[in-house]
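Coordinate inspection notes
For reference, the chains in residue letters:
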Amino acid sequence: MKAMTMTQKILAFHAKLPDVEAGQLILAEVDMVLGNDITSPVAINEFARINGKGVFDKKKISMVMDHFVPNKDIKAAEQSKKCREFACSMGIENFYDCGQMGVEHALLPERGLVTAGDIVIGADSHTCTYGALGAFSTGVGSTDMACGMASGMAWFKVPSAIKFVLTGRMNKWVSGKDVILHIIGMIGVSGALYKSMEFTGEGLKNLTIDDRLCMANMAIEAGAKNGIFEVDEITLAFLKDVGAKTPVIYKADDNAEYDEVYEIDLAEITPTVSFPHLPENAKTFDEIGEVKIDQVVIGSCTNGRLQDLIEAAEIMKGKKVASGVRTIVIPATQKIYLQAMELGLLKIFVEAGAAVSTPTCGPCLGGHMGILAKGERAVATTNRNFVGRMGHPESEVYLSSPTVAAASSITGKISHPDEVMSS
Amino acid sequence: MNVKGSVLKYGDNVDTDVIIPARYLNTTDKKELASHCMEDIDESFVTRVKTGDIMVAGNNFGCGSSREHAPIAIKESGISLVIAKNFARIFYRNAVNIGLPIIECEQAAEEINEGDTVRVNFETGIIRNITTMKEYKTLPFPPFIQQIIQAGGLVEAVNSGLISKK
Ligand code: SF4
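Residues numbered from 1 in each chain as written. Chains lettered and ligands numbered in written order. Predicted model: local features only at pLDDT ≥ 70, side-chain atom pairs only at ≥ 80, totals over all residues. Heavy atoms only, no water.

Before going further, it helps to examine the overall build of chain B. Within chain B one finds 8 helices and 7 strands. Rg of the C-alpha trace for chain B: 15 Å, near the compact-globule value of 15 Å for 166 residues, within the 12% margin. C-alpha extents for chain B along the principal axes are approximately 50 × 40 × 25 Å. Within chain B, counting contacts between residues at least 6 apart in sequence, those at least 24 apart form 64% of the total. About 6500 Å² of surface is accessible on chain B, with carbon and sulfur atoms providing 51% of the total. Taken as two groups, the 18 positive and 21 negative side-chain charges of chain B have centres that lie 6 Å from each other. (Helix = DSSP H or I, 4+ residues; strand = E, 2+ residues; numbered from the N terminus. Rg over C-alpha atoms; globule rule 2.2 N^0.38 Å. Contact = heavy atoms within 4.5 Å. Areas by Shrake-Rupley, 256 points an atom, 1.4 Å probe, with all protein chains shown as cover. Lys, Arg positive; Asp, Glu negative; His and termini not counted. Charge placed at Lys NZ, Arg CZ, Asp CG, Glu CD.)

In structure tokens form, the structure reads like this:
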């Protein structure tokens, strides 16, 4: 048998093949098919063209109304309605609408809908997030989603991989976000094109599940097919806690081939910000001058989880948002919202002068709830800073961790947390 | 199958947010999507593009979101083929799945200029720049992908039994 990477092993198992190699085209069974309020309507149109009308498994499809929900306009409402009616007629069990929904990639792990060893395809590019749990998960298009819903199958080109061996422990104010921005800065937005990014090493034990979800989430920003973390005790404890199915652990073979191997000492990473208009424009504070800002967004599938809100609140507690800086905090799911309320975090944000929103993708994709005007700048904990991503084509998005975003909201310019925290 | 058309040229990392901005994703209407195609990097695209035109671009074309609206908007605007140095992977599979022809060719993508007339034969994989009289050879699609394209797209491949549960 050929030596395989983690990803290749999961693919081989689901394709019922003894082994696979990079470049091979395979048909594999999938464990979960995901769509949202933007991509599902296109998939539903395509699904209607498929002979034999049922879905392959009512439990293995998730539809999450998160992008333009609560519906921002009539067209968005029509799209959600289309999804709602389809989900109802097909008996899809994991349909999440306003009131239950959260940003999809925060919601699925929290609901225990993904476990280690699964294959997940989602009509959303950040489906790669679940690699944090040791699953093979990747973004696909709406036609893939339609065919996946009908057949439970998807075609894949088996990827080669880049290995990231993590060592050491992160310093204060450094999180998974800084690590992944650093990595994307290092390898570029097409640095892992068509490939897997596999994370391993003794440094893993110093990364929480929230750190890992954030890092796997941004694998696509390096062009990767998927990002995947080796399963350890932390993963298993999380999966047990959320009531996920029994995990299946795939470890890379010792002699598996990697295109490149990088060793990254987590202790060497400092707070990092990606400048417009590509996530690869990563800068550390020695390179960041005075950049005044108009808006701060803390939320999204990258950094809208509880740990993110706790860290942001630590910075903002007892302080006031700088005048002229609209600060928007968006807990990624209802559960996170509730936990943040119980922990008193929402009070801290509101007292500081921030707006706290119900879960939604909202401003992350320039949808609603915080659109930028011409020439405006935002620091955001989201994952993309492309032209026009948060509004006007001449607006700018700077990507950062929750602590940098929170510190920036207080000073009105891109700031290191140390600037507002006396240590 | 042959296509022949004049070229509209773009650079590296043309992302799905500029191909079709998210503010227009509240529709699945193909014509409406096409009417906003490329508008954040090239407002004149929709008025200049003619049926059969060929889009040429650099590295990592179609990076960003998984929105199938991007290849749909390009196809519906009349573009017959996209040639790039390489494509972002979700865009690549979406294009195959909806039947928008795409070709990876580093040299052609580098040398073909805006306004050139180009002819491409998909069977032979030969790209001919009629304006400069230069020829480029590309690799044909792998057989599995060719089967999907020949079936007419992924839905047709499922309907014809090419993709079904083992
Ligand atoms: S939060 Fe942003 S990146 Fe995440 S799924 Fe929503 S729109 Fe996409």
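This structure, assessed with the given rule, holds 34 salt bridges over all chains. Of the charged contacts in the structure, one is a salt bridge between K75 of chain A and E32 of chain B, with a shortest N-O distance of 2.7 Å. On the criterion of chain membership, the pair formed by K75 of chain A in helix α3 (residues 74-90) and E32 of chain B in helix α2 (residues 30-34) is interchain, its members lying in two chains. Here E32 of chain B falls in the partly exposed class, since its relative accessible area comes to 27%. Across the pair E394 of chain A and K374 of chain A runs a salt bridge, and its minimum N-O distance is 4.0 Å. Taken together, the residues span a long stretch of sequence, with E394 of chain A in the loop between β17 (377-380) and β18 (396-399) and K374 of chain A in the loop between β16 (355-356) and β17 at a distance of 20 residues. Given the relative accessible area of 55%, K374 of chain A is considered exposed. (Salt bridge = Lys/Arg side-chain N within 4 Å of Asp/Glu carboxyl O. Buried < 20%, exposed > 50% of the residue type's maximum accessible area, 1.4 Å probe, protein only.)

If you look at the biggest cluster of nonpolar residues, it comprises 189 residues, and the most contacted ones within it are M197 of chain A together with F61 of chain B. The residues that make up this core include at least three from each of domain 1 (6-266) and domain 2 (272-416) of chain A. Here M197 of chain A is in contact with I162, F164, I180, I183, I187, A192, A219, A222, A224, N226, G227 and I228 of chain A, once residues within four sequence places are set aside. Judged by nonpolar contacts, the second largest core, of 15 residues, contains V3, I54, C105 and I112 of chain B. (Core = buried A, V, L, I, M, F, W, Y, C linked by side-chain atoms within 4.5 Å. Domains from an automatic or database assignment.)

Moving on: the site of the ligand. Residue and element names in this part refer to chain A. Surrounding the ligand, one finds 13 residues, the nearest of these being H126, C301, C361, C364 and N383. Looking at the shell around the ligand, the elements that each hand over two or more residues are α4 (104-110) and α9 (300-303). Partitioning the shell around the ligand into residue classes produces 5 nonpolar, 5 polar and 3 charged. Taken together, domain 1 (6-266) and domain 2 (272-416) each give at least three residues to the shell around the ligand, which thus spans both. (Near = heavy atom within 4 Å. Nonpolar A, V, L, I, M, F, W, Y, C, P; charged D, E, K, R; others polar.)

With an omega of -5 degrees, the peptide bond between V69 of chain A and P70 of chain A qualifies as cis. Within the fold, P70 of chain A resides in the loop between β3 (61-64) and α3. Non-glycine residue N60 of chain B carries a positive phi angle of around 60 degrees. Its place among the elements puts N60 of chain B in the loop between β2 (54-57) and α4 (69-76). The class for N60 of chain B is buried, based on a relative accessible area of 2%. At M133 of chain B, a position not held by glycine, the phi torsion is positive, near 65 degrees. Relative to the helices and strands, M133 of chain B resides in the loop between β6 (126-129) and β7 (134-137).

For the rest of this paragraph, the subject is the packing of helix α10 (residues 306-316) of chain A against helix α12 (residues 345-352) of chain A. Residue and element names in this part refer to chain A. With their axes 9 Å apart at the nearest point, α10 and α12 run at an angle of 45 degrees to one another. By the angle between their directions, the pair α10 and α12 is classed as oblique. Viewed along their axes, α10 and α12 form a crossing whose handedness is left-handed. Counted together, L306, L309, I310, A312, A313 and M316 of α10 and L345, I348, F349 and A352 of α12 form the full contact between these two elements. Across the contact of α10 with α12, the residue classes tally to 10 nonpolar, no polar and no charged. (Axes fitted to C-alpha atoms, helices over the stretch in contact; angles between N-to-C directions. Parallel < 35°, antiparallel > 145°, perpendicular 65-115°, else oblique. Left-handed = near helix turned anticlockwise from the far one by under 90°.)

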